[in-house]
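Now for the letters of each chain:
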Amino acid sequence: MGQSTMGLVVGEQFTVGELLKGVLVQSGNDAATLIAEHVGGTVAHFVEMMNAKAKQLGMSRTKWVNPNGLPAENHVTSARDLAILARALIREFPEYDSYWHISDLRGCPLLRRFRG
């Protein structure tokens, strides 16, 4: 994956919640890709789902190309669109409120795997 990874190894098992924490706190690109494959079946299909949701939310200056945010041609967004996304996450997923306040991964099994 390059850049920041969680150091995930084939055969290890983590919950989606643990992977989300790794993405949110450590920017784990491998975890983001694994979530994309799990949710969308393929990374390409997940990216299509991301773009459809962005359009539905009114994110008019966003085009996702990958699920991890690494630089890619035509992969763009704006601060306004990210604010729209953040507001939607907070409103639509109140059960994940604690995730928006995590400052580190102490106690999370992914911490031992992180390679920045």
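In the block above lies the structure referred to throughout.
Quick summary incoming for the structure in this document. (Residues numbered from 1 in each chain as written. Predicted model: local features only at pLDDT ≥ 70, side-chain atom pairs only at ≥ 80, totals over all residues. Heavy atoms only, no water.)

Here we come to the overall build of the chain. The number of helices and strands found in the chain is four helices and zero strands. Taken from the N to the C terminus, the helices and strands of the chain come in the order α-α-α-α. Expressed as a percentage of its 116 residues, the buried residues of the chain come to 34%. Restricting to contacts in the chain with at least 6 residues of sequence separation, those with at least 24 account for 49%. When the accessible surface of the chain is totalled, it reaches about 7500 Å², and 56% of it is carbon and sulfur. (Helix = DSSP H or I, 4+ residues; strand = E, 2+ residues; numbered from the N terminus. Buried < 20%, exposed > 50% of the residue type's maximum accessible area, 1.4 Å probe, protein only. Contact = heavy atoms within 4.5 Å. Areas by Shrake-Rupley, 256 points an atom, 1.4 Å probe, with all protein chains shown as cover.)

Here we take up helix α1 (residues 16-26). Those residues of α1 lying buried are Gly17, Glu18, Leu19, Gly22 and Gln26. The elements touched by buried residues of α1 are α2 (29-40). Directly after α1, the chain includes Ser27, whose backbone phi takes a positive value near 55°.

This part covers unusual backbone geometry. Glycine aside, the phi torsion of most residues is negative, and most peptide linkages are trans. A positive phi angle is found at Asn74, which is not glycine, with a value near 70°. In this structure, Asn74 sits in the loop between α3 (43-57) and α4 (79-92).

Glancing now at the nonpolar core. Residues Ala36, Phe46, Val47, Met50, Ala54, Met59, Trp64 and Ile84 constitute the largest nonpolar core, which totals eight residues. Per-element tally for this core: the top contributor is α3, with four residues. Once you skip the residues sitting within four places of it in the chain, Ile84 turns out to touch Leu57, Gly58 and Met59. The next biggest cluster of nonpolar side chains, apart from the first, holds five residues, and it includes Met6, Phe14, Ala31 and Ile35. (Core = buried A, V, L, I, M, F, W, Y, C linked by side-chain atoms within 4.5 Å.)

Tallied over the full model, the rule gives two aromatic pairs. Taking 6.3 Å as the distance between ring centres and 65° as the angle between the ring planes, the aromatic pair formed by Phe93 and Tyr96 counts as edge-to-face. Looking at Phe93, the relative accessible area reads 34%, which means it is partly exposed. Among the residues examined, Tyr96 registers a relative accessible area of 30% and is labelled partly exposed. (Phe/Tyr/Trp six-rings, centres within 6.5 Å; stacked < 30°, edge-to-face > 60°.)

Here the focus is the environment of Met50. One can find Met50 in helix α3. Of the residues examined, Met50 reaches a relative accessible area of 18% and is grouped as buried. Considered as a pair, Met50 and Thr62 are 12 residues apart in the sequence and their alpha carbons are 9.9 Å apart. For Met50, the contacting residues outside a window of four places in its chain are Trp64, Asn66 and Pro67.

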